[in-house]
Amino acid sequence: EATPAADRGQDQSRSRHCRRGQTRGGTGTSFAARVTPLLEPLLAPGMRGITLSIGMAWLLMSFSYTGFTLWLPEFLHSKGIGSAGVYDTYGIMVLAEVPSLLIATALVDQGLDKRWVLAGCACGCGFATAGCAFVSSRGLVTAVLASSYFFAVSAWASLYVITPEAYPPTCRSTASGLARIWSNVGSMLTAPLGAWLLEKAVWAPLLTYAGGFLGLVLVATRLRPAPPSAVPSLKVAAFVAEGVGGEVAV
């Protein structure tokens, strides 16, 4: 039968174990010490170029798409499209996304590399966005806007799939989180820059966002999966397991 003294000894042992776990992977460790082992595999010599290309792809896509979406109401107003026409236009733009995803999926199933799907869709976004500067009738405005969303949704879908596939399984979650940071940076840049450009002319931010989409085309052609020699060791998994008091099975 356990005695009170034995119970106190077990409680003290558990307390020491918890404090030791916090010191290794919790509050007792600096933020940099905890993050550095997670980022090291993404910045290794064989992975640095992949990480930079993926990051730039997310930044450019988010910058151009978010900016285009924020700029859209001003564009529709400049073309004389009223409130009722705005809803009709948005509805057609959303409907255009459905066949886009079906076509992109069919192309990938037929063996087309996803990075070429991304490059083609980004190119389509660029030309459709630039085309908004040269149209005036409501029908043409709706057509170019629907085309931009037609290409944008497949570009996003391709990028979401390419990102984890570019990395080995041991660091895919960290890579996806880092890509999201790049995306947020692009979104933060587009608001002040777009507002400043809009003061110059309605078409100024439009052509800037089109340039961002076309820049994504160049980045997409450079995306490559991680080479086998760049697969990181188990030290990242060991570090994470150590922080929660677990073990790594090899």
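See the structure shown above.
Residues numbered from 1 in each chain as written. Predicted model: local features only at pLDDT ≥ 70, side-chain atom pairs only at ≥ 80, totals over all residues. Heavy atoms only, no water.

**What to know about the side chain of T129**
Piece 1. Tracing the backbone shows T129 in helix 6 (residues 114-131).
Piece 2. Accessibility expressed as a relative area gives 0% for T129, which makes it buried.
Piece 3. Residues within four places of T129 in sequence aside, it is in contact with F68, S148, L206, Y209, A210 and F213. (Helix = DSSP H or I, 4+ residues; strand = E, 2+ residues; numbered from the N terminus. Buried < 20%, exposed > 50% of the residue type's maximum accessible area, 1.4 Å probe, protein only. Contact = heavy atoms within 4.5 Å.)

**Observations concerning the packing of aromatic side chains**
Piece 1. In the structure shown here, the tally under the stated rule is 9 aromatic pairs.
Piece 2. Each ring, one from F68 and one from Y149, has its centre 6.5 Å from the other, and the planes form 55°; the classification is tilted. In this pair, F68 sits in helix 3 (residues 48-78) while Y149 sits in helix 7 (residues 138-165), placing the two residues 81 residues apart along the sequence. In this pair, the class of F68 matches that of Y149, namely buried.
Piece 3. An aromatic cluster of at least three residues, connected via ring pairs, comprises W58, Y65, F68, W71, Y149, W156 and Y160. (Phe/Tyr/Trp six-rings, centres within 6.5 Å; stacked < 30°, edge-to-face > 60°.)

**Observations regarding the packing of helix 4 (residues 83-95) against helix 5 (residues 97-109)**
Piece 1. Put simply, helix 4 and helix 5 touch, their axes get as near as 4 Å, and they point 15° apart. By the angle class used here, helix 4 and helix 5 are roughly parallel. Residues M93, V94 and L95 of helix 4 touch helix 5, and the partners they reach there are E97, V98 and P99. (Axes fitted to C-alpha atoms, helices over the stretch in contact; angles between N-to-C directions. Parallel < 35°, antiparallel > 145°, perpendicular 65-115°, else oblique.)

Any link to function would need more than the numbers given here.
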